[in-house]
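Residue-level structure breakdown
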Amino acid sequence: MSIKSATFVCSSAKVAQCPKSNLPEYAFIGRSNVGKSSLINMLTRHGGLAKTSSTPGKTQLINHFLINEAWHLVDLPGYGYAKASKTARSRFAAIITDYIRQRDALTLLFVLVDSRLEPQAVDLAFINSLGAAGVPFALVFTKTDKLGAGALQRNTAHYKEALAETWEELPLTFVTSAESGAGRDDLLNYIETINTTLQHDHNGFL
Ligand code: GTP
Ligand code: MG
């Protein structure tokens, strides 16, 4: 899929303030600093669209971006930032939980994990909570430019092994880098496939 237009719509402090829209919506979630905002900029090829920072805790609201006038990308605050105050952490957790539970337009959640790390308890706990809530998601490995092919292979395998302990079927996975653009086509093509299926559903073809 080619990106013809990508525009910022709004930032919302609560799910009730999100755009009144039924367009398909794809949200990016993961630990603070994992690279959610950077990935949105990489996918849209729009450097400053989502605000990024080397300091965790940058994205604090629900940010909607309209793509090709047809669907939304959503940048969410991160979870698991140990140094944030307790109040800030519970505020982010509430925003994320409410968004996931209440946002009817949410089509798929992309859960981002850092490809350089061993499976993190907070990520596994978050992913397992999605299973319990029946939320569709795919797993995205980020920052793959920072490690060699062998280490990448090893780390992604470890993640899959950790998930296999609780999941019968493994989620779809994407291997990405906001630096090199790796994974861009795969991710956008996947979104396009889902959008097409949804259109057919609405047209009554399926
Ligand atoms: P919060 O909004 O704080 O939750 O963080 P975030 O997940 O949106 O992370 P963000 O995109 O702001 O990136 C955090 C840091 O990681 C920044 O310094 C980015 O430049 C860097 N970064 C993100 N993705 C990549 C990547 O693929 N490769 C490399 N080398 N650095 C990356
Ligand atoms: Mg961010």
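Residues numbered from 1 in each chain as written. Chains lettered and ligands numbered in written order. Predicted model: local features only at pLDDT ≥ 70, side-chain atom pairs only at ≥ 80, totals over all residues. Heavy atoms only, no water.

**Remarks on the site of ligand 1**
Near ligand 1, the surroundings consist of 22 residues, among which Lys 36, Ser 38, Gly 57, Asp 145 and Ala 178 are the closest. In the model, an oxygen atom of ligand 1 is placed 2.6 Å from a nitrogen or oxygen of the Ser 38 side chain. Protein contact buries 88% of the 660 Å² of open area that ligand 1 shows by itself. Of the residues belonging to the shell around ligand 1, the class tally is 3 nonpolar, 12 polar and 7 charged. (Near = heavy atom within 4 Å. Polar contact = N/O pair within 3.5 Å; in protein donor to acceptor, adjacent residues only side chain to side chain. Areas by Shrake-Rupley, 256 points an atom, 1.4 Å probe, with all protein chains shown as cover. Nonpolar A, V, L, I, M, F, W, Y, C, P; charged D, E, K, R; others polar.)

**Some words on the sheet that holds strand β5 (residues 106–114)**
Strands belonging to one sheet form pairs held by backbone hydrogen bonds; the direction of such a pair is parallel or antiparallel. Strand order in this open sheet of 7 strands is β1-β3-β4-β2-β5-β6-β7, and the pairing throughout is mixed. Each edge of the open sheet is held by one strand with a lone partner, namely β1 (6–12) and β7 (173–175). Along the sheet, successive strands turn relative to each other by an average axial angle of 25°, direction set aside. As judged from the 3 bridges shared by strand β6 (residues 137–142) and β7, these two strands associate in the parallel manner. Bridge pairing in β7 links Phe 141 to Val 175. Helix-sheet contacts for helix α4 (residues 149–164) involve β5, β6 and β7, and the interaxial angle to β6 is about 150°. (Pairing = 2+ DSSP bridges. Helix = DSSP H or I, 4+ residues; strand = E, 2+ residues; numbered from the N terminus. Axes fitted to C-alpha atoms, helices over the stretch in contact; angles between N-to-C directions. Contact = heavy atoms within 4.5 Å.)

**A closer look at the coordination of the magnesium ion (ligand 2)**
At the metal site, the magnesium ion (ligand 2) is ligated by Ser 37 (OG) and Thr 59 (OG1), and these contacts range over 2.0 to 2.2 Å. Pair noted here: Ser 37 is in helix α1 (residues 36–44) and Thr 59 is in the loop between α1 and β3 (62–67), with a separation of 22 residues, a long-range link. (Donors = N, O, S within 2.8 Å, 3.2 Å for Na, K, Ca; no water.)

**Observations concerning the pairing of β5**
For β5, a buried count of 9 out of 9 residues is recorded, marking the element as mostly surrounded by other parts of the structure. Note that β5 and β6 share 6 bridges and pair parallel. Its bridge partner lying in β6, Asp 114 is registered against Thr 142. Between β5 and its parallel partner β6, the chain crosses via helix α3 (residues 121–133), and the hand of that crossover is right-handed. (Buried < 20%, exposed > 50% of the residue type's maximum accessible area, 1.4 Å probe, protein only. Right-handed = clockwise from strand over helix to strand, strands pointing away.)

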